[in-house]
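Breakdown of the fold
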Amino acid sequence: MRITIDRDRCIGSGQCVMTAPGVFTQDDDAVVALVPGHEDGAADPRVHDVPLVCPVQAVAIFED
Ligand code: SF4
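Residues numbered from 1 in each chain as written. Predicted model: local features only at pLDDT ≥ 70, side-chain atom pairs only at ≥ 80, totals over all residues. Heavy atoms only, no water.

By the naming in an unreviewed UniProt entry, the protein is Ferredoxin, taken from Streptomyces fodineus. In its Function (unreviewed entry) section, UniProt records this for the protein: "Ferredoxins are iron-sulfur proteins that transfer electrons in a wide variety of metabolic reactions." Its UniProt record, at the heading Cofactor (unreviewed entry), says of the protein: "[3Fe-4S] cluster". (UniProt positions renumbered as here; feature names shortened; annotations may be inferred.)

And the structure:
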């Protein structure tokens with residue numbers, strides 16, 4: 001699995017963090033970031049729901 005985030009598109013709504021807090025976090029400006037060490041998404045099974053809940057399509061998941 002590969003996760004991409006578009007920090008320029010992110011509006012800081014936090015839906016990704018509420019859905020999969022093991023993988024997503026927000027920086028001091030509320031912009032999305034991946035939790036260090038968990039960039040592969042394996043830390044949270046709900047990671048697959050995140051592209052659906054992000055209101056601006058800033059998150060994409062690609063299955064290898
Ligand atoms: S859900 Fe989308 S817009 Fe909201 S913080 Fe996460 S990436 Fe940014």
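The rest of the description comes next.
In this fold, Thr19 is placed in helix 1 (residues 15–19). Excluding residues within four positions of it along the chain, Thr19 makes contact with Asp44, Arg46, Asp49, Val50 and Val53. (Helix = DSSP H or I, 4+ residues; strand = E, 2+ residues; numbered from the N terminus. Contact = heavy atoms within 4.5 Å.)

Moving on to the site of the ligand. The full set close to the ligand counts 14 residues, and Cys10, Ser13, Gly14, Cys16 and Cys54 are the nearest of them. Most atoms of the ligand, that is more than half of them, are within 2 Å of grid points of the largest cavity. In the shell around the ligand, the residues fall into nine nonpolar, five polar and no charged. (Near = heavy atom within 4 Å. 1 Å grid on protein atoms, 1.4 Å probe; cavity = no way out; pocket = protein on both sides within 12 Å on 5 of 7 lines; lining within 4 Å. Sits in = over half its atoms within 2 Å of the grid points. Nonpolar A, V, L, I, M, F, W, Y, C, P; charged D, E, K, R; others polar.)

Counting across every chain of the model gives one cavity of 30 Å³ or more. When its volume is computed, the largest cavity comes out at roughly 90 Å³. Around the largest cavity sit 15 residues that line it, and Cys10, Ser13, Gly14, Cys16 and Cys54 are the ones nearest its centre. (Points joined across faces, edges and corners; volume = space filled by probe spheres on them.)

Before going further, it helps to spend a moment on the environment of Ile5. One can find Ile5 in strand 1 (residues 2–5). Expressed as a C-alpha distance, the spacing of Ile5 and Gly41, which sit 36 residues apart in the sequence, is 12 Å. Beyond its immediate stretch of four places on either side in the chain, Ile5 contacts Phe24, Val32, Ala33, Leu34, Ala58 and Val59.

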